[in-house]
Structures are given as structure tokens and as C-alpha cells.
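Listed here are the chains, written in short residue letters.
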Amino acid sequence: MTDASDPRGEDDRDAPLTRREADDARRVADEARRAADAADATGDADPGAVLQAHLRAARSEFESQVAQAKADFEEANERIKERTGRDLLLATLIGLAIGVALLGSLLFVKWLFLVFALGAVLLSIFEFSRALVASGRRVDLVPQLIAGALVVGSAYFVTPWLHWVILFVALAFVVVWRLVAQMASRDGRTYGTVLGDVLIATFIQLYVAFLGSLCIVLLSKEGGEWWVLGFIIVAVAVDTGAYVAGISFGKHPMAPRISPKKTWEGFAGAAAAAIAAGVLVGLFMLGLDWWMGVVFGILILATATAGDLGESMIKRDLGIKDMSSWLPGHGGVLDRLDSILPSTVAALTLYYLFTPLVAS
């Protein structure tokens, strides 16, 4: 849940270059307009020259308005970037591109979403592993990627009990690999450090691969693509509502030790957006009653918020701002999945609870 709402401060920096460009364009437009008016006032002026003067004035006026709009946008973008550390334009464009890919995979070729999700999970595992290694932990990247691909890829094709078996096999695989690699290294790491490395190896699989695989389990159900799309829409609404409300009204920190920029005003905006999106998605996409949509929105709000705060806690512990810089304006892939991964649990649970009620 993105909530950027640090207290507002005065901006002492020089005006952006585009502001000066806007002033220059306005000055040129004024001069062109005066020239056209002077041509009109001259009774014996050439009609062609008068027309050209008016055209030049109109073009200058248009360029002035474009430059003014650009300057206003640049100033607003700079203020937002200063407070949030994100480039609003880049973040919006990348978000739209991801949304188009997501919609295309879910609405037209259902199984393509498996490829989309598998790529996102593997990139997240790579980011997380690299961040952990940078902090001094021992993480075996190749086994982690193999295990993650097995857990996520199999979720679409196997029965639930077999999926659990595959998960336990994947966990055993990364644990045994870490222990064997540690014995082979003979670097004198303490028992507690080695145990921490083993626990981290299993945590990566449970946090990223397993939660990601639950989304694929939901996808494999009848009408599951609509449920996947629905809970992602609500999770994005949570993120957007928190961002807008935090930027506009945020004053009271929500969890200052974990994420200083998140505020209770941002959470209120997230809650309103989640409930509204949950009701709309439930009524018009999933065929649920309105109260089911409210429950849907509230549960996704809870899991998305917990996931976002949880990843913020992990990053603070690792001493980093983002997992990577692969997505300009967003950070890393895992930074975009932080609220979605835990929400898979809520979405799958509600699918099993609500689907029989709607069918009856």
C-alpha cells in the first residue's frame, strides 16, 4: 500500500526550466497578438499579412498554453517526487503497461497468466535473494529459482494435495542444498547463523513462491480468472486510495518505525477505496451480493496492508529502500507484489466460501 504523506515543507529550489519556457512562450504570444492587433488597426494593411499575423498569434498562444501545462505538470511531479521518492509519470506509464499485460493474459488466453505470474515470482525471488546476500546471508539462488518455478508452475496442473506435496519437496530441496553447501564451504559460520540461513531459505519459498502459487490455484478454478482479476483490482484500489489520501491529507503516521510515510489518513482512503472496489467487483464481475463485496474489500484491505507493512519491515531490516530498481517509479517487482501476495490467501478463501452460496 503506497502512502506517501510526509509533512509538507517549503520548496526553496529554483523553478523548473519549463516554467521559464512557459514565461518565454507567453511573452512571444503577447508580442504576436499585439502585432496582429496592430495589423488590424491599419486600414490599408495587406489581408494576407493580417491573416498570417493572426495565425502566428494563435500558434504562439497554443504553444504558450502547452508550455504552461507542461510547467504545471513538472512542478506537481517534482513536488510528488520530493515527498514520495517516486517519479509519478514513469510510475503511471509502467503501471499501465503492466495492467495491459495482466488484462490481456487473463481475459483472452487464461493460461498465459501462468507465464506472467511465473516470471514475476522468479524475478521477485532473484531480487529478494540478492538483497539478502548483500546483507550477509547465504542464499543459494539457483536452487531457489528451481524450487520456485516448480511450486508455481505445478499449481495450475496438479490437485491440491499434490501441490502441498510439491511444496514440501521444494522446501526440503532448498534446506538440504543449503546444509550441504555449508558443510562444503567449511567457513566456520556459527550454528545460529547457519540456522538463520536455513530459515531464510524456507521463508523465500513460503513468502514468494507459495503465495504466488495460490494465485495460480485460484486461476485454475472455474471462473478463477475473474476472481484473480477482481482481487488484484481491489488490491490496486487499496494502493491507489492510500496514495491519494496520503498525499492530500496525510498528517498522522500509522507505523513510523516501519514505514514513516504511511499515515492513518492514507489508510482511511485505502479502506474507502477497497470497500467501493470490492462491492463493484463483487456485483458486476463475480456475481456476489453487496455484503459479500464489502467483506471481499475489507479482507483484501487487511491482507494488502499487512503485506505492505511486512515488506517494509523486511526492507528496513535489510537497510534498503527498494528490492531493486527494475521498475522505475515503483522499485522492484517484489515491491509491486507486496500487497498482492498475501491477498491471494484471502481471495482463495473467499472463493471457497462464497461460490457455494452464490450457486445455491
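Residues numbered from 1 in each chain as written. Predicted model: local features only at pLDDT ≥ 70, side-chain atom pairs only at ≥ 80, totals over all residues. Heavy atoms only, no water.

To continue, consider the overall build of the protein. Assigned secondary structure in the protein consists of 12 helices and 2 strands. The secondary structure elements of the protein, listed N-terminal to C-terminal, are α-α-α-α-α-α-α-α-β-β-α-α-α-α. Here the protein, with 360 residues, has 45% of them falling under the buried criterion. Sequence-distant contacts in the protein: of pairs separated by 6 or more residues, those separated by 24 or more amount to 75%. Just so you have it, the protein exposes about 18400 Å², and 68% of that area is on carbon and sulfur atoms. (Helix = DSSP H or I, 4+ residues; strand = E, 2+ residues; numbered from the N terminus. Buried < 20%, exposed > 50% of the residue type's maximum accessible area, 1.4 Å probe, protein only. Contact = heavy atoms within 4.5 Å. Areas by Shrake-Rupley, 256 points an atom, 1.4 Å probe, with all protein chains shown as cover.)

What tends to happen in soluble globular proteins is that the nonpolar side chains get buried as a cluster. Counting residues in hydrophobic clusters, the biggest one holds 72 residues, and the most contacted among them are F113, F128, W227, V228, F231 and F296. Among the elements that line this core, the one with the most residues is helix α7 (residues 191–220), at 15 residues. (Core = buried A, V, L, I, M, F, W, Y, C linked by side-chain atoms within 4.5 Å.)

Bringing the environment of Q144 into the picture now. Secondary-structure assignment places Q144 in helix α5 (residues 141–154). As a C-alpha pair, Q144 and L171 span 27 residues in sequence and 9.3 Å in three-dimensional space. Those residues in contact with Q144 that sit more than four places away from it in its chain are I125, S129, V139, V174, A201, I204 and Q205. Here the side chain of Q144 touches A201 through a polar contact of 3.1 Å, landing on its backbone oxygen. (Polar contact = N/O pair within 3.5 Å; in protein donor to acceptor, adjacent residues only side chain to side chain.)

Here the focus is the packing of helix α8 (residues 224–249) against helix α9 (residues 264–284). A packed helix pair is summarised by two numbers, namely the angle formed by the two axes and the spacing between the axes. One way to put it is that α8 packs onto α9 with a least axis distance of 7 Å and a crossing angle of 150°. In terms of orientation, α8 and α9 fall into the roughly antiparallel class. In the packing of α8 onto α9, the handedness of the crossing is right-handed. For the pair α8 and α9, the contacting residues are G230, I233, V234, A237, V238, G241, A242, A245, G246 and F249 in the first and E265, G266, G269, A270, A273, A274, A277, G278 and V281 in the second. Each residue belonging to the contact of α8 with α9 can be placed in one class, and the counts come to 12 nonpolar, 6 polar and 1 charged. (Axes fitted to C-alpha atoms, helices over the stretch in contact; angles between N-to-C directions. Parallel < 35°, antiparallel > 145°, perpendicular 65-115°, else oblique. Left-handed = near helix turned anticlockwise from the far one by under 90°. Nonpolar A, V, L, I, M, F, W, Y, C, P; charged D, E, K, R; others polar.)

Below, the discussion takes up the packing of α8 against helix α10 (residues 290–318). Two numbers describe how α8 lies on α10: the axes approach to 9 Å, and their chain directions differ by 65°. Considering only the axes of α8 and α10, their crossing is right-handed. Between α8, through W227, G230, F231, V234, A235 and V238, and α10, the contact on the second element is made entirely by F296, G297, I300, L301 and A304. By residue class, the composition of the contact of α8 with α10 is 9 nonpolar, 2 polar and no charged.

Here the protein shows a mean pLDDT of 82. Residues at 70 or above account for 76%. The secondary structure element of the protein with the lowest average pLDDT is helix α1 (residues 17–41), at 59, and the one with the highest is α5, at 96. In this model residues 5–17 is a low-confidence stretch, pLDDT under 50, and it forms 18 contacts with partners more than four residues away in sequence or in other chains. (pLDDT = per-residue confidence, 0-100.)

To continue, consider the side chain of Q182. Positionally, Q182 belongs in helix α6 (residues 160–185). In contact with Q182, other than residues within four places in its own chain, are R138, D187, R189 and V194.

Another point: the pattern of salt bridges. Inspection of every chain in the model, using the stated rule, returns 9 salt bridges. Here R138 and D187 are joined by a salt bridge, their closest N and O atoms 2.6 Å apart. With R138 in the loop between α4 (112–134) and α5 and D187 in the loop between α6 and α7, the pair connects residues that are 49 residues apart, well separated along the chain. The salt bridge involving K315 is made with E311; its shortest N-O contact spans 3.5 Å. Highlighted residues: K315 and E311, both in helix α10, separated by 4 residues, approximately one helical turn. Note on K315: relative accessible area 9%, which makes it buried. Connected through salt bridges with shared partners, the residues R137, R189 and D197 form a single ionic network. (Salt bridge = Lys/Arg side-chain N within 4 Å of Asp/Glu carboxyl O.)

Topologically, Y207 is positioned in helix α7. Expressed as a C-alpha distance, the spacing of Y207 and P342, which sit 135 residues apart in the sequence, is 8.3 Å. Excluding residues within four positions of it along the chain, Y207 makes contact with F128, E311, I314, L334, D338 and L341.

Take α5 next. Taking 1.5 Å as the rise per residue, α5 with 14 residues should run 20 Å; its terminal C-alpha atoms sit 20 Å apart, in good agreement. Those residues of α5 not exposed but buried are P143, Q144, A147, G148, V151, V152, G153 and S154. At its buried positions, α5 is contacted by α4, α6 and α7. (Expected span 1.5 Å × (residues − 1).)

The description of two aromatic rings rests on the distance between their centres and on the angle between their planes. The tally for this structure, following the rule as stated, stands at 13 aromatic pairs. For the pair W164 and F210, a centre-to-centre distance of 5.3 Å together with 50° between the ring planes defines the contact as tilted. Taken together, the residues W164 in helix α6 and F210 in helix α7 connect sequence positions 46 residues apart. For W164, a relative accessible area of 43% gives the class partly exposed. Residue classification places F210 among the buried positions, given a relative accessible area of 12%. One aromatic cluster is present, formed by W227, F296, Y351 and Y352 through successive ring pairs. (Phe/Tyr/Trp six-rings, centres within 6.5 Å; stacked < 30°, edge-to-face > 60°.)

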